[in-house]
Structure formats: C-alpha cells, structure tokens
Amino acid sequence: MKELFPMKQVNGFIFSLLLTVIALSVYFLDMSFSVAMTILLVTAFIQAGVQLILFMHAGESEDKSSIYTTTFYAISIALFTVFGSLLAMIWGYMF
Amino acid sequence: MEFFERFAIYHPSPLIYASMVAIGLVSIAIVVGITYFKKWGYLWNEWLTTVDHKKIGIMYIISALLMLFRGGADAIMMRLQTAVPDNSFLDAQHYNEVFTTHGVVMIMFMAMPFIIGLMNFIVPLQIGARDVAFPRLNAISFWLFFFGAMLFNVSFVIGGSPDAGWTNYYPLASNEFSPSVGVNYYNWALQISGIGTLMTGINFIATILKMRAPGMKLMKMPMFTWASLLTNVIIVFAFPVLTIALLMGTFDRQFGTNFFTSMNGGMDMMWANLFWIWGHPEVYILILPAFGIYSEIISTFSERNLYGYKSMVWSMVLISLFSFTVWLHHFFTMGQNAFTNSIFSITTIAIAIPTGIKIFNWLLTMWKGKIRFTVPMLYSIAFIPLFTIGGATGVMLGIASADYQYHNTMFLVAHFHNVIIPGVVFAVLAGFTYWWPKMFGFMLNEKIGKWAFWFLTIGFCLAFFPMYVTGLDGQARRMYTYSEATGFGPLNMLSFFGAGLMAIAFALIVYNVYYSFRHSPRNVGDDPWNARSLEWATHNPVPEYNFAVTPEVKSSQAFWDQKKHGHKLFDKEYEEIHMPNKSGVPFIMGVLFSIFGFSFIFAIWIGVILSAIGIFACMIHRTFEQVHGFHISVKEIKETEEKFGGADK
C-alpha cells in the first residue's frame, strides 16, 4: 500500500499550497514594495520548479539530463538577457 | 491613380530604372524559357513541392549564390563610390540604401541560407537518417526564407529600399527620419524569413537529438553535426528576440505606438539593445557551422583524426553560451558607465579563449599530417591566419575604453569583414567544393577552383586591410564621400581594386560550375576525397533514400573505420523504406506570406486579411490532412543500388 501511495506528489501539493499562501500574504500584510516583490519572485520561481519537477515529471524519463540541461540553459540565458538589459538601460546608464 | 502612387520609387535614379527594366526582362526570359523547354511540370514536381532535405539544401544554396551576387553588386557600387574623393556616382541617400541592402542581404539572405543549405544536405547524411525530423516543416522554412528574400529584393524597384543601415537603429528608422516604406520592407522581409529560420532551428534540434543511427552517441557525432546542433540551439534562443523587436518596430511605424520613440515613455536605444541580443548570437550562428566545416575538411585532407575532439565540442558549447553574454559591446559608446562596459568587455575577451582553443586544435590536426592542398583545404588553411587577425582586432575592439577610438570607423568594417569573409564565406565555399560530388556526382575543376581561391584571398587582403589604416586615421563608416585633403583616396582606391579581384573570383566560381558540368568525368566513385565521416558511406549523388540500409556506427569517423579498420557499417538486409510525401502547400504558404508581407508594408488591409485567411486555411488543411507517406520496395532499392555498382555490403 505504501508503494502505491503517491507521497511525493501529495507533499508537493501541500508545499505548493504553502507557497501560494506565502505569496498571498503580500496582499494582506503591510510591507514595502521591494520586500513584497522579493517574496513574489522567490515563491514564483520555487513554485515553477515544483510544478516542473513533480507534476510535469521532468526527472522521470530517459530524457532527464537533456530536459534539465535545456532548462538550465534557457534560465541562464533569460537571466542574462533580463539583467544585462536592466544594467545597460537603467542601472548603468549615465544620462 | 492615387492608390498606385505609394509604389513609386522613393529616390529614383537612372541606375534603378535600368535595374527595373533588367528585372522585368529577366523575369520574362525565365518564364518564356521554362515554357519553351516545357519544364513547368519538372519544376513543380521535382523542386517546388519537394520535401527531400537534399533538394531543399540545394535550393537554399542556389538562392544564397544569387543573393551573393546581389549583395556583391552592392559592395562593388560602394567601393566604386568611395574609390576617389568627392565622387558623385551615388548620392547620399542612394549610398545609404546600398549599404543597408548589402548588409541585410549578405547576412540574412546569403550567409544564413548557405549555412542552412549545407546543414540541410549534410546533417541527415552524417547521422545516418533518411530525412529531417519534420520534412514538411523544412519545406515551409525554405519557402518562408525564399519569399522573405524576394520581398526584400523588390524593395528598390517598388516603393524604395530600407536606408537606416542593416542595424536599423531608432530613431533613424522611425517614420520621422525614414519616411519611405523601406524600413517596413526591412521589418517584414526579416520577420518572414526569420520565422522560417526559427522553424529550421527546432527541426534540426529534433533531427539531431532523435534520428541518429544506432551506435552514434552524442560524443560520436561528426564535428559538423555538433556545430549544427549548437547553432540551432542558438537559433531557437536568439530568433524570438528579433521577432518581437521587429514586431515592436512595425507597431511603432505603422500603428503609432511608442516602443522606440524618444517621447511618451519610449526608449529608442531599446532597439539597439534588443537587436544585439539577437545580433550577437547571430554572429555565432554563422561561425559555428563554419568551424564544423573546417574541422571536417582539415581532418580529411590531413589524413588524421581531429585533434582534441572533446575540447572542440566543449569549446563550442562554451561559445554558444557566451554568445548570449556579450551583446553590449556593439554599443559601448551609447552611454553606459565604466562598470557596465567593463563587465561586457571582460565577457567579450573571454570568448576569444574557446575560439583560440579551436585554432590550436586545427593546427595540431595538421601537425605531421599528410596534407593534400585541394581547393577546400586551401580555403581552410587560409582561414586560420586571416581569421586570427580578425579575432585579434576583435579583442582590440572589445576593450571598451579603446573602442571609443575605433567605433564607427572603417576599422570596425575591416574587422567584421575580416572575420566573416575568411570565417564564413571561405567556409561555405570550401564546403560547397568539398560536398559538391556528394550533391551532383562529379567534381569541380581543381585548377579553376585554385585560381578563384587566389583571386579571392588576395582580393580580400587588398580590399579590407587598407580599411584598418584609414579607420585608424579617422575615416568614418557609412560616409558616402570624403574630401581629398583627408588623404583617404589612395587606400580606398586599393580597396576598390581588391573588391574587383573578389568579383573576378566569384565569377570564376560560377564559371567553374559551368565548366565542370560540361567537362568533368562522371565516374568519380563514392569516395573521391578519401574522406572520413558517415555522409561518404553512401553513393554520389545520394539516392533518394540516403542509405539503403541503416548504418551502425562506432565512432565519429564511421566511414574511415569501415575503410581502415574493417568495421561493418551495413550489416542488415534490405527492408522496405518509408518516405514522406511531397506537398505543394509549403510553396503556397510562402506565396501567401509574401502577399501578407507586401500588403502590410503598404498598409493594403484587404490584402493582409485575405492572405491571413489563406495562411490559416493552409494550416487547417494540414491539421486534417491524412498523409501516410509512401514506401520504396526492396526490388526498387536493389535496382537503384545496382545502378550505382552494388552496395558495399
């Protein structure tokens, strides 16, 4: 019976509910804009990771390594592009 | 009448009217010729509707060669205009249009399709597949590229050419400063062919990851296939940025939005930022397959296996990642602070390291090898020192503080031609000569090929090295003329002379195709170069089904193993082969897309709506279409194989 029970998925489900509650707290609690944005961003990325790994079965097929490689490649390019553009256009811009 | 006024040429000149007449006459001649020789059926059945990766590859290469001559004519016009001081052959506006067209045509419609054409032909053969993963999609890719290119090419006779540079920076490209429809042409031609390229990227990643012959692990793929895989990964990540940036530009110009304006919260420099987020990876999209081609050729003609296979693969992986981290070096002088510039300066210089590793790999492959100086090998050997010079000047430009001196001068122009011509153009010409017997079953004449090589190499040096000097002396790029007092005259004349030699070289290459078609012996066998990788294990020219039997592979040099180490590639009986059906829909979709683009450029909304309905109708048709492909029977395979003198099994 224990083998049949999808413990991982149930835990994942509870965890993602928890993440949602934390994200929702931003609306109800009084906090500064930057703290709120940080909470939202962090919970959003963890949430995406939980969905991808647990519920979209990223790590369960033969293509496991290529799925993770492309995901990391994509994420690193996205981060580079976004933060690089912010650096070029706002933070590091002199005029 | 008012309706037709919009099609009038924005900046007419006798040259443009002459080309208008020439285009008209050539089109009529082609139609009459095809009708006279009764070739319409052949054209439609064998080429326009084909989904065969080999034929699509050949069509890509033919289009690329045509575009090479289009872009080359632009180059000669520019060199002629600047050959002497105060020249009045072209005026400022016309010169702007010519350098813009030259840049776009050479990058998007010459270099890219040439590379993709070779990829189309060679990659499925190198991995032992019968076709790409999605043959129909491949045909759509080609026709979107082709009609995108045609759309771009009619711009100068209908409505006016784009004139804001191939980089198309805003606010220069906005309606205010570029009032003609030229930039609309730029937006839509690149959009349409860019979508085609994106599909190619997805198609080839799927092909290389999923359709390799049994035994071919990732680290046992030939180097050109590795290079193609990484190139297509870059395509998939870089091209969406261009798609969106072009769309934003279109909205700005045609619907009055404010993405790239300097008021109402718009940010004109955002275009430069987005353009180069795509544009720098684009540079590596061109050069990585070139590296792959050189690797194949150098190893074949040195009769040695590639030195440091793993380090070559890893350096290409690093390049493909780094290529996304350096784009800001294209606008060091746009107003960032020193800290920001330093970051991108360091990443830029860092990318020279994996590139340098590859240079040593090629040198060490040739070390103690039995070098044969064939035409492809000559191009590859000339590439190494010339590309290194281009790389070194690239590092110079990559130093942000020094870039304030070099930027926007002819020094920059010399640098990027120095990497693109010996890097990409030499590579595609080498690959073209090397794989020619694979495509057509006979060799290109070596003697004419060597003449062309020397004309091209010497012409290249004479055309571009003087620009380093005039650039350092302060000659700005994109200036249509200069005064005699600047002293730029003699060196620019030398450049023009060099460009003339290059033109002769390209004419010789075309003559070589004609000469070899007439005179070359047809019995060259299946292995005219004593080659190493899997694509040479089948016949020349390649039969429709590529390999009669799926090969079983043990290393990246499967064919060499078969010849020298007694490894059996084909150890199975003939089986029925399942092939994809041909289809006219991709061609029709290409036509519809070009009508869509053309109507959008001139804001003829009825044409936009009708062609969009047509495009969706094609997609719906495809969704509900029942095609199961066709089978080639064992008897037919046997007959074909016997015609080639029997399979070596």
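Residues numbered from 1 in each chain as written. Chains lettered and ligands numbered in written order. Predicted model: local features only at pLDDT ≥ 70, side-chain atom pairs only at ≥ 80, totals over all residues.

1. Notes on the overall build of chain A
- Scanning chain A from terminus to terminus reveals 3 helices and 0 strands.
- For chain A, the α and β elements follow one another from N to C terminus as α-α-α.
- Counting over 95 residues, chain A shows a buried share of 5%. (Helix = DSSP H or I, 4+ residues; strand = E, 2+ residues; numbered from the N terminus. Buried ≥ 20, exposed ≤ 12 C-beta atoms within 10 Å, placed from the backbone.)

2. Concerning the overall build of chain B
- Helix and strand content of chain B: 21 helices and 2 strands.
- Against the compact-globule benchmark of 26 Å for 649 residues, chain B has a radius of gyration of 25 Å, which places it among compact chains.
- With the C-alpha coordinates aligned to their principal axes, the bounding extent of chain B is approximately 70 × 60 × 50 Å.
- When the 649 residues of chain B are sorted by exposure, 50% land in the buried category.
- Here the contacts in chain B between residues at least 6 apart in sequence split such that 82% fall between residues at least 24 apart. (Rg over C-alpha atoms; globule rule 2.2 N^0.38 Å. Contact = placed C-beta atoms within 7 Å.)

3. Concerning the environment of Phe204 of chain B
All names here are of chain B.
- Tracing the sequence through the fold places Phe204 in helix H7 (residues 182–210).
- Between the alpha carbons of Phe204 and Met334 there is a distance of 37 Å; along the sequence they are 130 residues apart.
- Not counting residues up to four positions away in its chain, the partners in contact with Phe204 are Met119, Val123, Val132, Ser228 and Asn232.

4. Things to note about the confidence of the model for chain B
- When pLDDT is averaged along chain B, the result is 93; 99% of the residues meet or exceed 70.
- Model confidence for the complex is summarised by a pTM of 0.93, with the ipTM given as 0.80. (pLDDT = per-residue confidence, 0-100.)

5. Considering the packing of helix H13 (residues 375–398) of chain B against helix H16 (residues 446–472) of chain B
All names here are of chain B.
- Running from amino to carboxyl end, H13 crosses H16 at an angle of 20 degrees, the nearest separation of the two axes being 9 Å. In terms of orientation, H13 lies roughly parallel with respect to H16. Between H13 and H16 lies a crossing whose hand is right-handed. When H13 is examined against H16, the residues Val375, Leu378, Tyr379 and Ala382 are found in contact with a partner set consisting of Glu446, Gly449, Lys450, Phe453 and Thr457.
- For the contact of H13 with H16, the class distribution of residues is 5 nonpolar, 2 polar and 2 charged. (Axes fitted to C-alpha atoms, helices over the stretch in contact; angles between N-to-C directions. Parallel < 35°, antiparallel > 145°, perpendicular 65-115°, else oblique. Left-handed = near helix turned anticlockwise from the far one by under 90°. Nonpolar A, V, L, I, M, F, W, Y, C, P; charged D, E, K, R; others polar.)

6. Side note on helix H15 (residues 410–440) of chain B
Residues and elements named next belong to chain B.
- Of all the bends found along H15, the most pronounced is centred on Tyr434 and spans about 40 degrees, while Pro437, a proline, follows it within four residues.
- Here H15 lies mainly inside the structure; 27 of its 31 residues are buried.
- Immediately beyond the C-terminal end of H15, within one or two residues, lies Gly441, with a positive phi of roughly 80 degrees. (Bend = angle between axes of the 7 residues up to and from the residue.)

7. Focus on the interface of chain A and chain B
- Contacts between the two partners involve 13 residues from chain A, matched on the other side by 15 residues from chain B.
- Residue composition of the side of chain A that touches chain B, by class: 8 nonpolar, 5 polar and no charged.

8. Remarks on the domain arrangement of chain A
- The domains assigned to chain A are domain 1 (1–56) and domain 2 (61–95).
- Taking the mean C-alpha position of each, domain 1 of chain A and domain 2 of chain A sit 22 Å from one another. (Domains from an automatic or database assignment.)

9. Side note on helix H9 (residues 269–302) of chain B
All names here are of chain B.
- With 34 residues, H9 ought to run about 50 Å at 1.5 Å a step, and its terminal C-alpha atoms sit 48 Å apart, in line with that.
- Within H9, the axis deviates most sharply at Trp276, by approximately 30 degrees.
- Most of H9 sits inside the fold, with 31 of its 34 residues counted as buried.
- Of the residues one or two after H9, Glu303 is the one with positive phi, at around 50 degrees. (Expected span 1.5 Å × (residues − 1).)

10. Remarks on the packing of H9 of chain B against H15 of chain B
Residue and element names in this part refer to chain B.
- Taken N-terminus to C-terminus, the directions of H9 and H15 make an angle of 45 degrees; their axes are 9 Å apart at the nearest point. In terms of axis orientation, H9 runs oblique to H15. Once H9 is placed against H15, the crossing between them reads as left-handed. Here Leu286, Ile287, Ala290, Ile293, Tyr294 and Ile297 of H9 lie close against H15, whose contacting residues are Gly423, Val424, Ala427, Ala430, Gly431 and Tyr434.
- For the contact of H9 with H15, the per-class residue count stands at 10 nonpolar, 2 polar and no charged.

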